[in-house]
Amino acid sequence: HYTTDKKSREENKKIIESLYGLSVDIKKIRRLKEWILFQDVAYVKETATILQEMGADEATVASIFERWPEAILRSPAEVNSQRELWQLVCQNEKQLIKLIEQFPESFFTTDFHENQKANILFFQELGLRNNIITRFLTSAPNIFYNPVEKNKHTIKTLQRSYLSLGGSDANMKIWILKLLSQNPFILLSTSTAVQENLEFLQKNGFTNHEVLQLLSKLKGFIFQLTPTSMQKSMHFSKNVFKCCDQELKQLVLRCPALLYYSVPILEERVEGLLKEGISIEQIRDTPMVLELTTQIVQYRIKKLSALGYNVRSGNLETLNGTKKDFEVSYGKIQSKKERPMFNPVAPVNAED
């Protein structure tokens, strides 16, 4: 238990001196987590030694302590246990120290050590590669705090759902691993939420094959939604595009963002496009344009207009896609514009 009551106490001089000796910027810690300097017990030198054994130089140790001062409150036993645990998935200590420097909070959160260990072993059994597991440890550490039974239960629910939607046993493992790699946060969903969302799509006329298609396109984000939010978004799209249920379904399959984004976001994006002189018909023909923020759309329209290309009179395909996709479309329009006109029928020599 750490105390946060600093009014009646003074900073622990021993902690200050130890940090100072390691060239740690103490002002930074005072600004971010001052309470740490008031603790009775800290393991500054011990933690620094363990990090140095792993190959961290002085600057790296200082950087770790400045970014996550709580590190000095972990006992050597806790730090060594985490070190052993992360070594199960790291190629070597050089990679491990690099990860600790980038994500000290994930490494020094030791309260769920047993759950972390059980989940790492479970993910390895499942067939996830170690580099994917290390990515989860750093970017989605919460999924390791769950008891392993909870994660196993969610995976089983997803497997059952996949098979009930017509997926094959042969492809199930690949499908699950891909889904997890794209969005590990699905493990924070409850199995009930998974079930309810799938049933909602089926009730709204999506065939099993189409539901699987949506799951792949939405990269599992569908499990972070609720039937109510999806219903509202679909209702909004139906009104804006003045379409029947079947047409709406086709629009959603082409642009799952219509299901994923909330009504305020969709509203803002539609309004942004209308302000640029783009019609509802054009948006309906190319709904994927709603996946882009209003700022990105404005920037791309401006860039194309400078080339004399008017998106208002054509289709919106040129606006679509990732930054890379857009640069390719833009490059093609630009080279077309710069290419000199050449008439193959015209005589080479005017006197002929």
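On a predicted model such as this, the values are computed, not experimentally measured, just so you know. (Residues numbered from 1 in each chain as written. Predicted model: local features only at pLDDT ≥ 70, side-chain atom pairs only at ≥ 80, totals over all residues. Heavy atoms only, no water.)

A. Broad picture of the side chain of Gln82. Of note, Gln82 is situated in helix H5 (residues 76-87). Side chain to side chain, Gln82 and His113 meet in a polar contact 2.8 Å long. In this structure Gln82 touches Ser106, Phe107, Thr109, Thr110, His113 and Gln116, once residues within four positions along its chain are discounted. (Helix = DSSP H or I, 4+ residues; strand = E, 2+ residues; numbered from the N terminus. Polar contact = N/O pair within 3.5 Å; in protein donor to acceptor, adjacent residues only side chain to side chain. Contact = heavy atoms within 4.5 Å.)

B. Inspection of the packing of aromatic side chains at higher detail. In the structure shown here, the tally under the stated rule is ten aromatic pairs. Here the aromatic rings of Phe123 and Phe136 are separated by 6.1 Å at their centres, their planes lie at 85°, and the arrangement is edge-to-face. Of the two residues, Phe123 is situated in helix H8 (residues 113-126) and Phe136 in helix H9 (residues 130-139); the sequence distance between them amounts to 13 residues. Here the aromatic residues Phe122, Phe123, Phe136 and Phe144 are joined through ring pairs into a cluster of three or more. Between the NZ or CZ atom of Arg269 and the centre of the ring of Tyr261, over which it lies, the distance is 4.5 Å. If you follow Lys303 out to its NZ or CZ, it ends over the ring of Tyr330, 4.5 Å from the centre. (Phe/Tyr/Trp six-rings, centres within 6.5 Å; stacked < 30°, edge-to-face > 60°. Lys NZ or Arg CZ within 6 Å of the ring centre and 35° of its normal.)

C. Seen up close, helix H6 (residues 93-102). Along H6, the residues that are buried comprise Leu96, Ile97, Leu99 and Ile100. Burial along H6 is one-sided: seen end-on, the buried residues are contained in an arc of 160°. Structural note: H6 exposes Lys94 and Lys98 on the side pointing more than 90 degrees away from its buried face. Those residues of H6 hidden inside the fold are in contact with helix H3 (44-53), helix H4 (58-67), H5, helix H7 (104-108) and H9. Sitting at the head of H6, Asn92 places a side-chain oxygen 3.2 Å from the backbone nitrogen of Lys94. (Buried < 20%, exposed > 50% of the residue type's maximum accessible area, 1.4 Å probe, protein only. Arc of directions from axis to C-beta.)

D. Structural context of the domain arrangement of the chain. Domains assigned within the chain are domain 1 (8-110) and domain 2 (111-218). Domain 1 and domain 2 are separated by 33 Å when their C-alpha centres are compared. Counting each side, the surface lost to burial between domain 1 and domain 2 is near 1300 Å², with a carbon and sulfur contribution of 63%. Taken together, the links from domain 1 to domain 2 amount to zero salt bridges. Connecting domain 1 to domain 2 are seven residue pairs in polar contact (both at pLDDT 80 or more). Elements with a contribution of two residues or more to the side of domain 1 that touches domain 2: H5 and H6. Take the side of domain 1 that touches domain 2: its biggest share by element is four residues, from H5. (Domains from an automatic or database assignment. Buried area = accessible area lost by both parts, 1.4 Å probe. Salt bridge = Lys/Arg side-chain N within 4 Å of Asp/Glu carboxyl O.)

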